[in-house]
Amino acid sequence: MASPEERYNFLEAESKWQKTWAAKDSFKVEEPSSKPKYYVLEMFPYPSGRLHMGHVRNYTLGDVVARYKKAKGFNVMHPMGWDAFGLPAENAALERGVHPGTWTRQNIAIMRAQFQPLGLSLDWSREITSCEPAYYKHEQKMFLDFLKAGLAYRKESWVNWDPVEHTVLANEQVIDGKGWRSGFDVEQRKLNQWFLKITHFAEDLLQAIEGLDRWPDKVRLMQHNWIGRSEGARVMWPLLGRDGKDVGQSLEVFTTRPDTLFGASFCAISAQHPLAVKAAENDPALAEFIAECNRGGTSTAAIETAEKKGYDTGFKVQHPFIAGKTVPVYIANFVLMAYGSGAIFGCPAHDERDMEFARKYRLPVRCVVAPVGEDPVAFAAKLEAGDVAYTDDGVAINSDFLNGLKVDAAKRTAIEKLESLKLGTGTVQYRLRDWGVSRQRYWGCPIPIIYCETCGTVPVPDQDLPVTLPEDVTFDTPGNPLERHPTWKHVKCPTCGKDAKRETDTFDTFFESSWYFARFCSPHLADRPFSEIAAMKWLPVDQYIGGVEHAVLHLLYSRFFTRAMSACGYLNLKEPFAGMFTQGMVCHETYRAADGAWLEPGSITRTGEAASYNGQPVTIGRSEKMSKSKKNTVDPQRILDTYGADAARLFMLSDSPPDRDLEWTDAGIEGAWRYLNRLWRLATVAVTIPRGTVPATLDAGPTAVLRQIHRTISAVSDDLEKFRFNSGVARIRELTNALADLDRTVVGGNAVYRFGIETVAQLVNPLAPHLSEEIWHTLGNSSILTETAWPTFDPALLEDDTVTVGVQINGKLRGTITIAKTADKDAFETAALALPAVQKQLDGKPPKKVIIVPGKIVNIVAA
RNA sequence: GCGGGCAUGGCGGAACUGGUAGACGCGCCAGACUCAAAAUCUGGUGUCCUUGGACGUGGGGGUUCGAUUCCCUCUGCCCGCACCA
């Protein structure tokens, strides 16, 4: 039985150090400070009311960075807040009759308390809560400034409408064409919506990705693709009526392949195109076709299986280059209104979709590009007879003035010609669309706009901000409670004083998270969202950490907001996040009973490979992201109570690289816990050694360990800088093993041992802060480790005087030689050839060649 | 369909710019301590045959004195986008 001094009491120690840090304000930003700044931020949580393992991982990763940077001498800002608007609060209101605000604020209190035992180095004095008017009033003002600057506008647009919930759904809330909650078919509806003009910055947002060199390539690529820049041309096709006469209008089409214009055999427009709507006016069959297209699901499955369908409008358009040639205008279900001009020209020979469409509706296929080096006539004949489009590079044929030009040159020439004919221009299109921010929801920031019959759309005057949410709302009927509220929306017009109505939509909740990182710089400023001086001092965030699920939306919105805020004079900055890290998910095995029901990990009994539940066999499924629905969650609270924060932190950091998924296992957390106890036991031995400096002359054993201590400081520092926390932990464990094996009875043994334990405490501090403080304290230090500088290493001690290298024969390892580091090539060769194993292999014959890379390898090429 | 990533022992994963593959941990095996168990400690642990070797980083091929690392190709899994003209 271990004596009380030997047993590490994590519960007592962890809470003691947490109190000490709090009492000393250890994690408050130093103001003023001569140190360089470092801003560490993890994505702020939605207050669901319960901390989960994903949170623990996210905030632990950030905490390691924050503590390490602090030790390295930075003035660190590491704040925390709450992303507090959102749908779950309304669902809670619906299910339990509790007001969303009450529910949210209760959850925040619960979660704030749950954060405490994790021992995070957070500056709680900067806490912000996005659902409070003190926060959202600033974004109302910001929105009005965007409006003035032309960066916000209102327009009628098509939305996913849930007929049961009476609200707009985001694309990601539509699953297989049905509302994610109601399960009913989603309709396409036209609604007036507010938009933010993110497309204004499309080019800049795209170009600047290149400069985000501390972002994951994956995220940069996703943003690149999301913005989706493509170069092409706008082409005007003069429109002819059903009687064949010019109607004095043109159909505008966007294409990336103006070089294939001579292969055009039809034009197609979206069902939502104005011309389609007009054409349907006196054509009931066409109207029905359009309705069918609009009903067509937006779901991935629906699109995948959707057959290409078209409807001939009877209109024709005049080809821009070929006098007298016309092509028919179809309405096609695959043409998107939201991209380009909502109309295309079809060149079946060189576009897969057009080919499919042409074959279905028996439209001509004309080859106008042939691969270099192939016989154009034969190639064209084959292509025009087949069903496969040719989309690669080649040379223009059958194309009048373009003939003989390569695709790129032909594109340029075609555009020049279009421009000279005033029938088109070269242009750039983006896939990126403007950001629709209106939501028919209660629990969000009210959009500060008033609609007046006389004055139109009137911004709420500054002195009337914030527009706050009414408290007396009910959720017993579907739809937006703000819309139903008896008085809230009825106001006087600020301009003319007549009766007017408020906007009852609220902002998309991505609005709040698009600028909170700036609010943290001056979180309590009342009259402005943040001070420009503070924001310019702290921003950009030096290290941002969060899940990949926000790789596009949140990160892109924030980049846009930073530009928009700069355009409105709030600050002068483009990029909010200089460094970005995306952490992997926390996963766990899944368990199912015979009837298919998911079982909680805690409820099953494992016996080796098998598992059972109340005596019944259990199917063990693959490891998946922890989720309530699969019941494979592990409650952080239980882990903290059983093993403490340090063990939980250490396990999460050591088991897999932070950007990969982590599989939570009981054995893993046990292992971390065992290591901490072992380190504590080794430290209690060090305490018995009197303090003193390491003597200059040491025995071989202590010398080797001393070198390892220095090497470990160097390696761990490097690992922490590069987010290789798992390998940093491995290095620290290696050093711990070396210290445990060290013979302390020889000259310098004790001194090196004590120094080694102190160093391990320092190195492990960002990972397991409580135990390391306890060890540091027990070793007699009066300072606390949290406020102690990171250890330094002596470069002269990093490497040994000798080096051991492998000796290969024909690339196969036959032995090793240990030799002075300074030895020349001849010495390496002599030593290598002297090896018995080498002699045996060579069998008396001289080597054909000997390759020597000093310090690395000797490879003997035998004949 | 398009784009991207990954593949290493029973498991999670190391291996920096091509240079001793399997660090560190988990698990397992054996032993010590114990009446016993837990905890702890010591040793072993890629595979195959006999010391000594042979083989081995998803499969096949290539470059190289030397390849987990670079190139080609195939297979499998994961992620993003999804008729973007």
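Just so we're clear, the structure is a prediction, and the values are computed from it rather than from any experiment. (Residues numbered from 1 in each chain as written. Chains lettered and ligands numbered in written order. Predicted model: local features only at pLDDT ≥ 70, side-chain atom pairs only at ≥ 80, totals over all residues. Heavy atoms only, no water.)

Our focus in this paragraph is the overall build of chain A. Scanning chain A from terminus to terminus reveals 27 helices and 38 strands. Counting only residues that meet the buried cut, chain A has 52% of its 863 residues in that class. When contacts within chain A are restricted to residue pairs at least 6 apart in sequence, those whose partners lie at least 24 apart make up 71%. Total accessible area computed for chain A in this model is approximately 39000 Å², and 52% of it derives from carbon and sulfur atoms. The distance from the centre of the 99 positive side-chain charges to the centre of the 106 negative ones in chain A is 1 Å. (Helix = DSSP H or I, 4+ residues; strand = E, 2+ residues; numbered from the N terminus. Buried < 20%, exposed > 50% of the residue type's maximum accessible area, 1.4 Å probe, protein only. Contact = heavy atoms within 4.5 Å. Areas by Shrake-Rupley, 256 points an atom, 1.4 Å probe, with all protein chains shown as cover. Lys, Arg positive; Asp, Glu negative; His and termini not counted. Charge placed at Lys NZ, Arg CZ, Asp CG, Glu CD.)

Looking at chain direction, strand β37 (residues 849-853) and strand β38 (residues 857-861) are connected through five bridges and run antiparallel. If you follow K849 over to β38, its bridge partner there is V861. Turn length for the β37-β38 hairpin, with the two strands adjacent in sequence and antiparallel, is three residues, and the turn residue G855 shows positive phi of about 85°. (Pairing = 2+ DSSP bridges.)

Moving on, we get to the nonpolar core. Core analysis: the biggest nonpolar cluster contains 174 residues, and Y39, F143, L196, Y516, L539, F561 and W664 have the highest contact counts within it. In terms of residues, this core owes the most to one element, helix α21 (residues 666-687), which gives ten residues. Residues within four places of Y39 in sequence aside, it is in contact with M77, P79, F517, F520, C521, W538, L539, P540, V541, D542 and Q543. Ranked by size, the runner-up nonpolar core spans 57 residues in total, among them A233, L239, I331 and A389. (Core = buried A, V, L, I, M, F, W, Y, C linked by side-chain atoms within 4.5 Å.)

Attention now goes to helix α23 (residues 725-741). Taking 1.5 Å as the rise per residue, α23 with 17 residues should run 24 Å; its terminal C-alpha atoms sit 24 Å apart, in good agreement. Taken as a whole, α23 has its buried residues at F725, S727, G728, V729, I732, L735, T736, A738 and L739. On its buried side, α23 packs onto α2 (53-71), α20 (645-654), α21, α22 (700-721) and α24 (749-764). (Expected span 1.5 Å × (residues − 1).)

This part covers the side chain of H350. The topology assignment puts H350 in the loop between β15 (343-346) and α11 (352-360). Judged by its relative accessible area of 5%, H350 is buried. At 2.8 Å, the side chain of H350 and the backbone oxygen of Y390 are in polar contact. (Polar contact = N/O pair within 3.5 Å; in protein donor to acceptor, adjacent residues only side chain to side chain.)

To continue, consider the sheet that holds strand β2 (residues 75-77). A sheet is described by the order of its strands in space; here four strands give the open sequence β2-β1-β26-β27, paired in parallel fashion. Every other strand in the sheet has two partners, leaving β2 and β27 (580-583) as the edge strands with one partner each. The average angle at which neighbouring strand axes cross in this sheet is 20°, direction not considered. Pairing geometry for strand β1 (residues 37-42) and strand β26 (residues 543-547), over three bridges, is parallel. Following the sheet pairing, L41 is matched in β26 by Y544. On the sheet, α2 packs against β1, β2, β26 and β27 and is oriented at approximately 175° with respect to β1. (Axes fitted to C-alpha atoms, helices over the stretch in contact; angles between N-to-C directions.)

Moving on: the pattern of salt bridges. According to the stated counting rule, one finds 44 salt bridges in the structure shown. With a closest N to O distance of 3.4 Å, R126 and E31 form a salt bridge. With R126 in strand β4 (residues 123-129) and E31 in the loop between α1 (10-23) and β1, the pair connects residues that are 95 residues apart, well separated along the chain. Look at R126 and you get buried, because its relative accessible area is 6%. Exposure remark for E31: the relative accessible area of 54% places this residue in the exposed category. Note that E721 is salt-bridged to K69, the shortest N-O span being 3.3 Å. Separated by 652 residues along the polypeptide, E721 in helix α22 and K69 in helix α2 bring together distant segments of the chain. The exposure class of E721 is partly exposed, given its relative accessible area of 38%. Linked by salt bridges that have partners in common, D718, D719, K722, R724, R731 and E734 make up one network. (Salt bridge = Lys/Arg side-chain N within 4 Å of Asp/Glu carboxyl O.)

Of all the seven residues making up strand β28 (residues 586-592), six are buried; the element is thus mostly covered by neighbouring parts of the structure. Direction of pairing for β28 relative to strand β34 (residues 662-663): parallel, over a ladder of two bridges. If you follow V586 over to β34, its bridge partner there is L662. The pairing of β28 with strand β33 (residues 619-625) spans five bridges and is classified as antiparallel. Counted as the bridge partner of H588 is E624 from β33.

The next thing to look at is the packing of α20 against helix α25 (residues 769-778). For any two helices packed against each other, the geometry comes down to the angle between their axes and how far apart the axes lie. The interhelical angle for the contact between α20 and α25, taken along N-to-C directions, is 120°, at an axis separation of 7 Å. Looking at the two axes, α20 sits oblique to α25. Residues A645, D646 and R649 of α20 touch α25, and the partners they reach there are P769, H770 and L771. The residue makeup of the contact of α20 with α25, split by class, is three nonpolar, one polar and two charged. (Parallel < 35°, antiparallel > 145°, perpendicular 65-115°, else oblique. Nonpolar A, V, L, I, M, F, W, Y, C, P; charged D, E, K, R; others polar.)

For the structure on display, the rule yields 50 aromatic pairs. Summarising the aromatic geometry, the rings of F10 and W673 are spaced 5.7 Å apart at their centres and angled 85° between planes, so their arrangement reads as edge-to-face. Here F10, found in helix α1, pairs with W673, found in helix α21; they are 663 residues apart in sequence, far enough to count as distant. W673 carries the same exposure label as F10, and that label is buried. Clustering of aromatic rings is evident, with ring pairs tying together F143, F146, W194, F201, W435, F507, F510, F511, Y557, F560 and F561. The aromatic ring of F334 is capped on one face by K308, whose charged end is 5.4 Å from the ring centroid. In this structure, R431 packs its charged tip against the face of W226, placed 4.6 Å from the ring centre. (Phe/Tyr/Trp six-rings, centres within 6.5 Å; stacked < 30°, edge-to-face > 60°. Lys NZ or Arg CZ within 6 Å of the ring centre and 35° of its normal.)

Okay, the environment of I669 next. For I669, the location among the structural elements is in helix α21. Residue class for I669 comes out buried when judged on its relative accessible area of 0%. Sequence separation between I669 and D655 is 14 residues; the distance between their C-alpha atoms is 9.4 Å. Residues contacting I669, with those up to four places away along its chain left out, are I639, Y643, A647, A648, F651 and W664.

Note that T468 resides in the loop between β22 (456-459) and α14 (481-484). Under the relative-accessibility criterion, T468 is labelled partly exposed at 37%. Sequence spacing of T468 and H490 is 22 residues, and the spatial spacing of their C-alpha atoms is 14 Å. Sequence-distant contacts of T468, that is, excluding residues within four places in its chain, are made with P133, Y136, P446 and W488.

Summarising the element assignment, T582 is placed in strand β27. For T582, a relative accessible area of 10% corresponds to the buried category.

Among the residues making up helix α3 (residues 87-96), those that are buried are L87, A89, E90, N91, A92 and A93. On its buried face, α3 is in contact with α4 (100-115). Positive phi shows up at G97, right after α3, with a value of about 70°.

Two elements in contact, α20 and α21, have axes separated by 8 Å at closest approach and are oriented at 120°. For the element pair α20 / α21, the angle class is oblique. Of the two possible hands of crossing, α20 and α21 adopt the one that is right-handed. Contact residues: α20 offers D646, A647, A648, L650 and F651, while α21 offers G668, I669, A672, W673, Y675 and L676. (Left-handed = near helix turned anticlockwise from the far one by under 90°.)

Cis rather than trans, the peptide bond between E31 and P32 has omega equal to 0°. Among the structural elements, P32 can be located in the loop between α1 and β1. Here L539 and P540 are connected by a cis peptide whose omega angle stands at 0°. The residue R362 is not glycine, and still its phi comes out positive at about 50°. Given a relative accessible area of 78%, R362 falls into the exposed group. Despite not being glycine, K422 shows a phi value in the positive range, around 55°.

By themselves, these observations are geometric and do not establish any function.
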